[in-house]
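So the chains spell out like this:
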Amino acid sequence: MKKIFILLLSFVLIFSSCTSTDVKVEDVPQIVVPAAPAETAAPVAEEVEDGVSGTIVEVSKYGNTYLDTTTAELLEAFELGDVVEINVNGETVTAPVVTSYSDVDNGSPLVKVDGENVEVALSYADFANTYGAGVGTEMTLTLLEEGGYLAQYQVRHLERTDVREDYESDEVFANFRALSGGNLQENMIYRSCNPGLGDARAPYADELAAEVGIRKVVNLADSDDSLLMTIDPNSYYATLYENGDIVLLNMGVDYRTDDFKAKLKEGIEFILSDPTGPVLIHCNEGKDRAGMVSALIEALAGASMDEIVADYMRSYENYYGVEKGTEQYDAISSIITDFFTTINGRPFPSDQVKTVAEVYLTSQVGLSEEQVATLEALITK
């Protein structure tokens with residue numbers, strides 16, 4: 001083939017020299033030989049001294065970031081309870097290696113290794129937004145203190161199963177209960193795990209919601225798209241959805257954001273639009289976002305801080321068997337006391353928690369004083 005091409009090219013050149021018309025170089029046909037495709041390999045976390053380097057491949061709606069680094073790769077460099085230094089966008093963040101958001105304080109960074117890929121996040125906050133990180137952002141994680149967080153991790157570490165027989169009742173398994181404390185009207189406001197999630201707990205939450213006659217639902221976790229992917233079309237919950245009795249807020253966990261406050265306002269206004277109860281409030285587990293919203297409602301009804309903390313911690317008792325009076329219980333309960341301190345902007349006497357809730361709902365969430373008063377009248381005896 002090569003010889004044929006050379007002969008043809010020679011013929012063209014000889015012919016052109018015998019004519020009066022010049023032949024430009026660009027008029028001569030060019031043969032382009034395609035390069036052999038390069039072999040591509042799956043991305044592997046880059047090893048660095050005393051650590052690893054990875055790239056963000058996913059950001060959740062909560063701002064949690066997932067690296068191309070696998071948990072197995074990270075645990076070759078670190079162990080649970082180690083403290084690492086994270087370099088992201090020129091900023092340095094210190095975080096422990098743990099397995100759950102509740103293993104650290106509210107708002108604190110963590111390196112979470114309970115899934116296939118490493119997750120770098122802030123507990124109850126938006127890591128990606130805080131540090132300007134997104135898909136493609138690189139991070140380097142290096143060892144700062146071996147075992148430096150191990151004692152706290154062992155105190156706070158939580159485990160549970162998804163087997164109904166491991167729990168004493170359907171209510172405990174589904175984390176389903178009515179709010180109580182202060183002057184709260186009995187069996188008016190309920191909280192639970194997500195009856196539409198499609199997991200092992202959902203059918204139990206759905207059946208319990210039907211038993212108590214739930215009329216309206218504030219779903220803090222889902223959008224229409226996410227709910228329709230998991231909901232049982234034959235469930236009581238599906239009937240409520242079809243009737244327009246569920247508001248879907250798709251709320252994040254960072255209560256400091258304008259998005260959280262706007263969606264909380266929308267949820268409360270949904271309740272007030274047709275105040276015929278009972279009402280169910282839930283996120284996915286019914287302990288984080290639902291825990292904060294329930295705490296505000298209980299505070300508004302005059303519940304004491306001790307009552308609010310006790311109800312918040314029942315979720316941890318239900319899911320993880322955390323026992324009151326233990327160091328673990330006290331460490332986790334600080335999440336909800338810190339929540340009230342943060343929304344107030346400073347520490348306050350515990351007997352002023354109702355005032356803190358009222359001021360937060362009006363000055364930050366944007367409800368009118370009349371709306372807050374109407375909500376208080378609805379939920380109290």
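Just so it is clear, the structure is predicted and the values come from calculations on it, not from any experiment.

Cut-offs applied
All residue numbers here refer to positions counted from 1 along the written sequence of the relevant chain. Per-residue local features are limited, in this predicted model, to residues with pLDDT of at least 70; the limit for side-chain atom pairs, both in listing and counting, is 80 or more; totals at the level of whole chains, interfaces and linings are taken over all residues. Only heavy atoms go into the side-chain values, all of them from the structure, while hydrogens and water stay out. Note on terminology: disulfide denotes any pair of cysteine sulfur atoms within 2.5 Å. Burial here depends on accessible area, computed with a 1.4 Å probe over protein chains only, as a share of the maximum for the residue type. Under 20% is buried, over 50% is exposed, and the range in between is partly exposed. Think of it this way: any DSSP run of H or I at least four residues long counts as a helix, any run of E at least two long counts as a strand, and we number them from the N terminus. What qualifies as a polar contact is a pair of N or O atoms within 3.5 Å, subject to a donor-acceptor requirement within protein and to the restriction that residues adjacent in sequence count only when both atoms come from side chains. Note on method: axes are straight lines fitted to C-alpha atoms, helices fitted across the in-contact stretch only, with angles between N-to-C directions ranging 0 to 180 degrees. Should an angle lie under 35 degrees it is considered roughly parallel, over 145 roughly antiparallel, and from 65 to 115 roughly perpendicular; all remaining angles are considered oblique. It is the rotation of the near helix from the far one that decides the hand of a crossing: anticlockwise by less than a right angle makes it left-handed, clockwise makes it right-handed. In this analysis, two residues are considered to be in contact whenever any of their non-hydrogen atoms come within 4.5 Å of each other. Each residue gets one of three labels, nonpolar for Ala, Val, Leu, Ile, Met, Phe, Trp, Tyr, Cys and Pro, charged for Asp, Glu, Lys and Arg, and polar for the others, Gly among them. The nonpolar core is taken to be a set of buried Ala, Val, Leu, Ile, Met, Phe, Trp, Tyr and Cys residues, with the residues joined through side-chain atoms within 4.5 Å.

Trainee: What is the right way to look at the state of the cysteines in this model?
Mentor: As used here, a disulfide is simply a covalent bond connecting the sulfur atoms of two cysteines. Overall, the coordinates contain zero disulfides when judged by the stated rule. As a non-bridged cysteine, cysteine 193 has cysteine 283 as the owner of its nearest cysteine sulfur, 9.3 Å distant. On the basis of relative accessibility, which here comes to 2%, the residue cysteine 193 falls in the buried class. Look at cysteine 283 and you get buried, because its relative accessible area is 2%.

Trainee: Just checking my understanding: could you explain unusual backbone geometry for this structure?
Mentor: Glycine aside, residues mostly have negative phi angles, and peptide bonds mostly take the trans form. The amide bond that connects glycine 277 to the next residue, proline 278, takes the cis arrangement and shows omega of -5°. Secondary-structure assignment places proline 278 in the loop between α9 (258-273) and β13 (279-282). One non-glycine residue, asparagine 175, adopts positive backbone phi at about 50°. Along the chain, asparagine 175 falls in the loop between α5 (170-174) and β9 (177-178).

Trainee: Would you mind going over the side chain of serine 235 with me for this structure?
Mentor: Relative to the helices and strands, serine 235 is located in the loop between α7 (224-230) and α8 (236-242). One polar contact links the side chain of serine 235 to the main-chain carbonyl oxygen of aspartate 232, over a distance of 2.7 Å.

Trainee: Can you walk me through the packing of helix α11 (residues 305-320) against helix α12 (residues 327-344) in this structure?
Mentor: Between two packed helices, what matters for the description is the angle formed by their axes and the separation of those axes. Look at α11 against α12: their axes get within 10 Å of each other, and the N-to-C directions meet at 125°. In terms of their interaxial angle, α11 and α12 are classed as oblique. Once α11 is placed against α12, the crossing between them reads as right-handed. Between α11 and α12, the contacting residues are Met305, Ile308, Val309, Ala310, Tyr312, Met313, Tyr316 and Glu317 on the first element and Tyr329, Ile332, Ser333, Ile335, Ile336, Thr337 and Phe340 on the second. Residues belonging to the contact of α11 with α12 are distributed by class as follows: twelve nonpolar, two polar and one charged.

Trainee: How should the nonpolar core be read in this particular structure?
Mentor: Side chains that are nonpolar tend, in soluble globular proteins, to be buried together. Formed by 80 residues in total, the largest nonpolar core has its most connected members in Val218, Leu220, Leu264, Tyr316, Ile336, Phe340 and Leu361. With residues up to four places along the chain from it excluded, the contact list for phenylalanine 340 reads Ala295, Leu296, Ala299, Met305, Ile308, Phe348, Val353 and Val356. Membership of the second largest hydrophobic core comes to 22 residues, among which are Val84, Val120, Ala133 and Leu141.

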